[in-house]
Amino acid sequence: VPKRQRRVQELAVVTSNGKLLIYDSATGSTLRTIEAHNNGIMNVAFSFDSSMIATASFDHTARLWNADTYTCLHTLQHDRLVWAVAFSKLNRS
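Residues numbered from 1 in each chain as written. Predicted model: local features only at pLDDT ≥ 70, side-chain atom pairs only at ≥ 80, totals over all residues. Heavy atoms only, no water.

**Q** Sorry, what's going on with unusual backbone geometry here?
**A** Phi is mostly negative for residues that are not glycine, and the peptide bonds are mostly trans. Even without a glycine there, the phi angle at His60 is positive, about 75°. By the secondary structure assignment, His60 is in the loop between β5 (52-57) and β6 (61-66). The exposure class of His60 is partly exposed, given its relative accessible area of 27%. Positive phi is not limited to glycine here, since Tyr70 has a value of about 60°. Residue placement: Tyr70 occurs in the loop between β6 and β7 (72-77). (Helix = DSSP H or I, 4+ residues; strand = E, 2+ residues; numbered from the N terminus. Buried < 20%, exposed > 50% of the residue type's maximum accessible area, 1.4 Å probe, protein only.)

Here it is as structure tokens:
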């Protein structure tokens, strides 16, 4: 999938009913609403290159999203609530 040209600074907001909302931070307009989780989302983070979004939820999952297409790339299942997500600065692969 080709990377779209980002012309706006995006702001990710999460809700207690599992939605991931993407806003244009300059205008406040909604760019996208994603039904991301089955329960409240606790935390959200953009990767350092803004190509991915990670979310952590009360539904016992962390999810990794493509920030260009907003499709879920991976769902990581846990046996407890997931409180936070973070990206490292270094690619350690």
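**Q** Just checking my understanding: could you explain the environment of Leu81 for this structure?
**A** Checked against the element boundaries, Leu81 lands in the segment after β7. Overall, Leu81 belongs to the partly exposed group, its relative accessible area being 34%. Along the backbone, Leu81 and Phe58 are 23 residues apart, and their C-alpha atoms lie at a distance of 4.8 Å. Excluding anything up to four places from it in sequence, Leu81 contacts Ser57, Phe58 and His60. (Contact = heavy atoms within 4.5 Å.)

**Q** Can you walk me through the pattern of salt bridges in this structure?
**A** When the charged atoms of two side chains with opposite charge come close together, those side chains can pair. Under the criterion given, the structure shown has 2 salt bridges. Across the pair Lys19 and Glu35 runs a salt bridge, and its minimum N-O distance is 3.9 Å. One end of the pair, Lys19, is in strand β2 (residues 19-24); the other, Glu35, is in strand β3 (residues 30-35), with 16 residues separating them in the sequence. The closest approach of N and O atoms between Arg63 and Asp59, which form a salt bridge, is 4.0 Å. Considered together, Arg63 and Asp59 belong to a single accessibility category, that of buried residues. (Salt bridge = Lys/Arg side-chain N within 4 Å of Asp/Glu carboxyl O.)

**Q** Got a minute to help me understand the sheet that holds strand β4 (residues 41-46) in this structure?
**A** Two strands in a sheet stick together by hydrogen bonds in their backbones, pointing the same way (parallel) or opposite ways (antiparallel). If you walk across this open sheet you meet the 4 strands as β4-β5-β6-β7, and the pairing is antiparallel. At either margin of the open sheet sits one strand with a lone partner, and together these are β4 and β7. On average, adjacent strands in this sheet sit at an angle of 15° to one another, irrespective of strand direction. Sheet analysis places β5 next to β6, joined by 5 bridges and oriented antiparallel. What sits directly across from Ile53, in β6, is Trp65. (Pairing = 2+ DSSP bridges. Axes fitted to C-alpha atoms, helices over the stretch in contact; angles between N-to-C directions.)

**Q** Any chance you could explain the packing of aromatic side chains here in plain terms?
**A** When we look at a pair of aromatic rings, we describe it by the centre distance and by the angle of the planes. With the rule as written, the count across this model stands at 1 aromatic pair. Aromatic side chains Phe58 and Trp83 sit 5.8 Å apart centroid to centroid with 80° between the ring planes, which places their arrangement in the edge-to-face category. Taken together, the positions of Phe58 in the loop between β5 and β6 and Trp83 in the segment after β7 put the pair 25 residues apart, joining distant regions of the chain. For Phe58, a relative accessible area of 30% translates into the label partly exposed. (Phe/Tyr/Trp six-rings, centres within 6.5 Å; stacked < 30°, edge-to-face > 60°.)

Structural measurements only, silent on function.
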